[in-house]
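Understanding the architecture of this molecule
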Amino acid sequence: EAGVTQSPTHLIKTRGQQATLRCSPISGHTSVYWYQQALGLGLQFLLWYDEGEERNRGNFPPRFSGRQFPNYSSELNVNALELEDSALYLCASSLYPRTGGYTQYFGPGTRLTVL
Amino acid sequence: AQTVTQSQPEMSVQEAETVTLSCTYDTSENNYYLFWYKQPPSRQMILVIRQEAYKQQNATENRFSVNFQKAAKSFSLKISDSQLGDTAMYFCAFMKHGTNAGKSTFGDGTTLTVKP
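These lines cover the structure that appears in this document, whether it is placed above or below. (Residues numbered from 1 in each chain as written. Chains lettered and ligands numbered in written order. Predicted model: local features only at pLDDT ≥ 70, side-chain atom pairs only at ≥ 80, totals over all residues. Heavy atoms only, no water.)

**Regarding the nonpolar core**
A general tendency of soluble globular proteins is for nonpolar side chains to be buried together. Y25(B), W36(B), F75(B), L77(B) and Y90(B) are the most contacted members of the largest nonpolar core, which totals 25 residues. Mapped by element, the contributors of at least two residues to this core are β3 (19-21), β5 (32-39), β6 (46-52), β8 (64-69), β9 (74-79), β10 (88-96) and β12 (110-115) of chain B. No other element matches the four residues that β10(B) contributes to this core. Of all hydrophobic cores here, the second largest spans 21 residues; its members include W34(A), L46(A), L81(A) and V114(A). (Core = buried A, V, L, I, M, F, W, Y, C linked by side-chain atoms within 4.5 Å. Buried < 20%, exposed > 50% of the residue type's maximum accessible area, 1.4 Å probe, protein only. Helix = DSSP H or I, 4+ residues; strand = E, 2+ residues; numbered from the N terminus.)

Dropping the structure here:
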């Protein structure tokens, strides 16, 4: 069974540009989560999507946004990039939590570097 | 809001010995899940072990076991017979049950080095 995949592996942008990160969940999973992991630090929750809707959002500015497509894949968009947005962005997927899908399975991440 | 605290930024252990990683959390919820995740250097994060708060029995997975103390809000991970492949960053995480489930709170991690 294929795991969670993310693309691209690495992304280099300059300040003020926009970045788009992509995630494909495990087959059968309807929930997708996005996390930001700054170098050497823990994970900060960004967004949770399920069945195409945003279910929850972390304490991030509105320039962090995303969407989930009918096939449950997801995009994370970061507008007006700032230097401090440089981080590893992790995507995870699960079954819907309220029906038992509490375990999240992580992708390898996208390393975003803002110059 | 929930908080998760891992008080040991770095730990080391000799191969084949036992090590315990600490995690405490703060919540007003009664039903929730706790997790330990492992993130090897430059590799994918994977689930090590999961504990449901309503279960009194501590979870075990081969060499990995937890000591879950609900009243003390403590959730430590014990790794027995440590192996070189256990070298990784370990994260403790909390997830509510029910409404608003899905928003996980992670600790800052403990970097574990297993020495030969």
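**Re the pairing of β9(B)**
All names here are of chain B. The buried count for β9 comes to five of six residues, which makes it a mostly enclosed element. By the bridge criterion, three bridges tie β3 to β9 in an arrangement that is antiparallel. In the strand pairing of β9, L21 is matched with L77. In terms of strand pairing, β8 meets β9 through six bridges, oriented antiparallel. Counted as the bridge partner of F68 is F75 from β9. Linking two consecutive strands that pair antiparallel, namely β8 and β9, is a turn of four residues; a positive phi of about 55 degrees is found at K73 within it. (Pairing = 2+ DSSP bridges.)

**Quick look at the interface of chain A and chain B**
Facing the 24 residues of chain A at the interface are 23 residues of chain B. Each partner contributes to the roughly 1,800 Å² buried at the junction of chain A and chain B, and carbon and sulfur atoms together form 54% of this total. Connecting chain A to chain B are zero salt bridges. Summed over the shared surface of chain A and chain B, the number is five residue pairs in polar contact (both at pLDDT 80 or more). Mapped onto the side of chain A that touches chain B, the elements with two or more residues apiece are β4 (31-37), β5 (43-50), β6 (53-57) and β9 (87-94) of chain A. (Contact = heavy atoms within 4.5 Å. Buried area = accessible area lost by both parts, 1.4 Å probe. Salt bridge = Lys/Arg side-chain N within 4 Å of Asp/Glu carboxyl O. Polar contact = N/O pair within 3.5 Å; in protein donor to acceptor, adjacent residues only side chain to side chain.)

**Things to note about the state of the cysteines**
One pass over the structure, following the stated rule, counts two disulfides over all chains. Covalently, C23(A) is tied to C91(A) through a disulfide, its sulfur atoms 1.8 Å apart. The S-S bond linking C23(A) to C91(A) shows a torsion near -60 degrees; that makes this disulfide left-handed. Taken together, the residues span a long stretch of sequence, with C23(A) in strand β3 (residues 19-24) and C91(A) in strand β9 at a distance of 68 residues. Note on C23(A): relative accessible area 2%, which makes it buried. On the basis of relative accessibility, which here comes to 0%, the residue C91(A) falls in the buried class. The disulfide partner of C23(B) is C92(B), and the S-S distance across this bridge is 2.0 Å. Residues C23(B) and C92(B) share a disulfide whose torsion about the S-S bond is about -70 degrees; that sign makes it left-handed. On the criterion of sequence distance, the pair formed by C23(B) in the loop between β3 and β4 (24-26) and C92(B) in strand β10 is long-range, its members being 69 residues apart. (Disulfide = S-S within 2.5 Å.)

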